[in-house]
Structure formats: structure tokens, C-alpha cells
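The residues making up each chain are set out below.
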Amino acid sequence: MSEIADRIGLCVESGKINKASPYPQSMRGEDGADEVTKLALDQSISPDEILKACNDAMQRIGNRYSRGEVFVPELLMAAKAMHAVMAHLKPYFKTGEVKKKGKFIIGTVTGDLHDIGKNLVSMVVEGNGWEIIDLGVDVKTEKFISAIKENPHSIVGLSALLTTTMINMARTVKEIKAEFPNTIVIVGGAPLSQAHANKMGADGYAPDPQNVVKFLNQRLIVN
Ligand code: B1M
């Protein structure tokens, strides 16, 4: 990993959003995730390398949280710094395709506020030629149902990051399938596995954005 990618990882782990941000005290006045990412891209560091540094950083801050060394505010600042990085990376995931392959409705299930993984999936899927209908976080089943009614041939993606919200996910899958048996549903998120997806009655599971794309491309619906 290049030194500059490591620096981005450090900014994310420390919650250093940009130069103007006073947090954390120890990095006051220094460039943050925003400036360092811009510099890295100017130096032709690959978006994949930057993303890997950020994902590793989120893993580290998550582990520190598990050990009781940091708390929710620190997680929140890390998430904000990661958002600053993602704003720079977004254009690199666009392919410029005009004709869309189909529509992909995505949301983080009810009770769950984590959106970084969902946003990454959205960016990569969009970059691979799919139209994204992003319902956001804490999405109730009714909202998914309305979106499917408005966009009948869409494929639906559900994200969950908490073991507690996996139950809500299972409920949402069940209710979508009861109302729209032919709608394809794929689930993902850190606590999920293929076994969970099977048990929920989902059509697919993907551990990462690339496997969501693979799954979607196998079910191409050209509008
Ligand atoms: Co939360 N949190 N959090 N948190 N948080 C985790 C998930 C946790 C593992 C931390 C820990 O204990 N080590 C833990 C969950 C434990 C569990 O249930 N198994 C946890 C907890 C407990 C909580 C709270 C309950 C804390 C509290 O309040 N006491 C609380 C819950 C709030 C709520 O949702 N109701 C909470 C809050 C938060 C913040 C709001 C502060 C913040 C989120 C901010 C935001 O998202 N805007 C936050 C953060 C940042 C994390 C960690 C540190 C990082 C998550 C992340 O963004 N990872 C996380 C620890 C960790 O992950 N190690 C943690 C980076 C991201 C790229 O990865 O989201 O896994 P990920 O997405 C991946 C894959 O999972 C996959 O692709 C992505 C890219 O590779 N993927 C899909 C995701 N969705 C997919 C959908 C698909 C396919 C693949 O198909 C549709």
C-alpha cells in the first residue's frame, strides 16, 4: 500500500474529514480525507487502492469500538471522513454508459442506519450500467413495496450491518416475496451469509459490490 493511501486510511480511522475540521485535536491544521484523497487521485493512485485503505481503516476503528477503546462519536466521525473520500471516488465508478441495463432498488433495512456499504454497492452497480433507486437508510418494508410498484421490473437489494436488524431484513424479504413473488431480491452486509439469505428466502447473497454486479448481470433485464 502506498504511503498516501495509508495516510487516507489514517484520516478515516481518526475521523479527520478535511483541513478545516477541528477534530481530532491531534491533527488540527493538517490535511484531511478530502484533501489527501484529491492529492492521491492527482498522483494516479488507483481508486481501488484508496478504497481498500478506507475499508481497512473502518475495520480497525470497528475493532477498537469492540474493545471499548472508542465510542459511537468516533465511529460517526470515521464515517464522515469516509463519505468525504467516497465523494471523490464516485466519478471513477461511472462508465458513461447511456443505455441502462435495468433498475436496482437499494436500501438499508428498517432500524439500521449504516449506509457506507450500501453506498459503495450503489456506486459500483451504477458504474456497471444499472439505474439506482436509493431509498436510504432505516427503510421500512412499505417503502420498498411502493418503490417496486413504481418500478415493476426492478431488482431489489437489502443491506444490514447489525445482527439485530437481520430479523427486520428477513421480514422485509418475506413481505416483498408475498406481494411480488417474481421480484428478485439480493441481500448483503457484514453479518450476512449465503445460509442467512437462503433461510430468508432471498434469491441471492453477495459479500461485496462486485458480486452484486455479477448477480445482476446474470439476470439482465433490458428496459
Ligand atoms: Co456501527 N456497528 N453501530 N456505526 N459500525 C458496526 C456494524 C459493528 C460491527 C461495530 C462493532 O461492534 N465492532 C457493530 C455491529 C455488531 C453486530 O450487530 N454484529 C455496530 C454497532 C453495535 C452499532 C450501534 C448499535 C452502536 C450503538 O449505538 N451502541 C449503532 C447502531 C445504529 C443503528 O444503525 N441503528 C451503530 C452506529 C454506527 C454509526 C452511526 C456511528 C456509524 C455508521 C455511519 C454510517 O454508516 N453513515 C457506525 C460505523 C461506522 C460502524 C463500523 C465501524 C463501520 C461500518 C462500515 O461503514 N464499514 C462497523 C464496524 C465494522 O464494520 N468493522 C460498525 C465499511 C463498509 C464499506 O463495509 O458496511 O460492511 P460494510 O459494507 C460492505 C459489505 O458488508 C457489503 O459491501 C460493502 C463493501 O464491501 N455490503 C453489501 C453491504 N451492504 C450490502 C448489500 C448487498 C451486498 C453487499 O446487496 C444488496
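Everything below is about the structure printed above this text.
Residues numbered from 1 in each chain as written. Predicted model: local features only at pLDDT ≥ 70, side-chain atom pairs only at ≥ 80, totals over all residues. Heavy atoms only, no water.

(A) Fine view of the pattern of salt bridges. Counting across every chain of the model gives ten salt bridges. Its salt-bridge partner being Glu 13, residue Arg 60 comes within 2.6 Å of it at the nearest N-O pair. Here Arg 60, found in helix H3 (residues 47-66), pairs with Glu 13, found in helix H1 (residues 3-14); they are 47 residues apart in sequence, far enough to count as distant. A salt bridge links Asp 134 to Lys 118; its shortest N-O distance comes to 2.8 Å. On the criterion of sequence distance, the pair formed by Asp 134 in strand E2 (residues 131-134) and Lys 118 in helix H5 (residues 116-127) is long-range, its members being 16 residues apart. On the basis of relative accessible area, Asp 134 is assigned to the partly exposed category, the value being 38%. One network of salt bridges, in which partners are shared, links Glu 13, Arg 60 and Arg 64. (Salt bridge = Lys/Arg side-chain N within 4 Å of Asp/Glu carboxyl O. Helix = DSSP H or I, 4+ residues; strand = E, 2+ residues; numbered from the N terminus. Buried < 20%, exposed > 50% of the residue type's maximum accessible area, 1.4 Å probe, protein only.)

(B) The environment of Ala 160, seen in detail. Considering the arrangement of structural elements, one finds Ala 160 in the loop between strand E3 (155-159) and helix H7 (166-179). Residue classification places Ala 160 among the buried residues on the basis of a relative accessible area of 0%. Once the C-alpha coordinates of Ala 160 and Asp 115 are considered, the two residues, 45 residues apart in sequence, prove to be 9.0 Å apart. With residues near it in sequence (within four places) discarded, Ala 160 still touches Val 109, Asp 112, Thr 165, Met 169, Gly 188, Gly 189, Ala 190, Pro 191 and Leu 192. (Contact = heavy atoms within 4.5 Å.)

(C) Molecular detail of the coordination of the cobalt atom of the ligand. Just one protein ligand coordinates the cobalt atom of the ligand, and it is His 114 (NE2) at 2.3 Å. Relative to the helices and strands, His 114 is located in the loop between strand E1 (103-108) and H5. (Donors = N, O, S within 2.8 Å, 3.2 Å for Na, K, Ca; no water.)

(D) Structural view of the side chain of Ser 154. The residue Ser 154 is located in the loop between helix H6 (141-150) and E3 in this model. Look at Ser 154 and you get buried, because its relative accessible area is 4%. From its side chain, Ser 154 meets the backbone oxygen of Asn 151 in a polar contact 2.5 Å long. The residues touching Ser 154, leaving out its near neighbours within four places in the chain, are Lys 103, Ile 105 and Thr 183. (Polar contact = N/O pair within 3.5 Å; in protein donor to acceptor, adjacent residues only side chain to side chain.)

(E) Spatial organisation of the site of the ligand. Around the ligand, 36 residues are found, and the nearest of them are Ser 66, Leu 113, His 114, Asp 115 and Ser 159. With respect to the ligand, the side chain of Tyr 65 contributes an N or O atom lying 3.1 Å from a nitrogen atom. Note that an oxygen atom of the ligand is positioned 3.1 Å from one of the backbone N or O atoms of Ala 190. Among the elements of the structure, H3, helix H4 (72-89), H5, E3, strand E4 (185-188) and helix H9 (209-217) are those that each provide at least two residues to the shell around the ligand. With six residues, H3 is the largest single contributor of residues to the shell around the ligand. Of the residues belonging to the shell around the ligand, the class tally is 20 nonpolar, 13 polar and three charged. (Near = heavy atom within 4 Å. Nonpolar A, V, L, I, M, F, W, Y, C, P; charged D, E, K, R; others polar.)

(F) How the structure looks around the environment of Gly 111. Here Gly 111 lies in the loop between E1 and H5. Judged by its relative accessible area of 47%, Gly 111 is partly exposed. Considered as a pair, Gly 111 and Asp 138 are 27 residues apart in the sequence and their alpha carbons are 5.0 Å apart. Filtering out sequence-adjacent residues up to four positions away, Gly 111 remains in contact with Asp 138, Leu 162, Thr 165 and Asn 168.

(G) Main features of the packing of aromatic side chains. Applying the stated criterion across every chain yields a total of zero aromatic pairs. The aromatic ring of Phe 215 is capped on one face by Arg 219, whose charged end is 3.7 Å from the ring centroid. (Phe/Tyr/Trp six-rings, centres within 6.5 Å; stacked < 30°, edge-to-face > 60°. Lys NZ or Arg CZ within 6 Å of the ring centre and 35° of its normal.)

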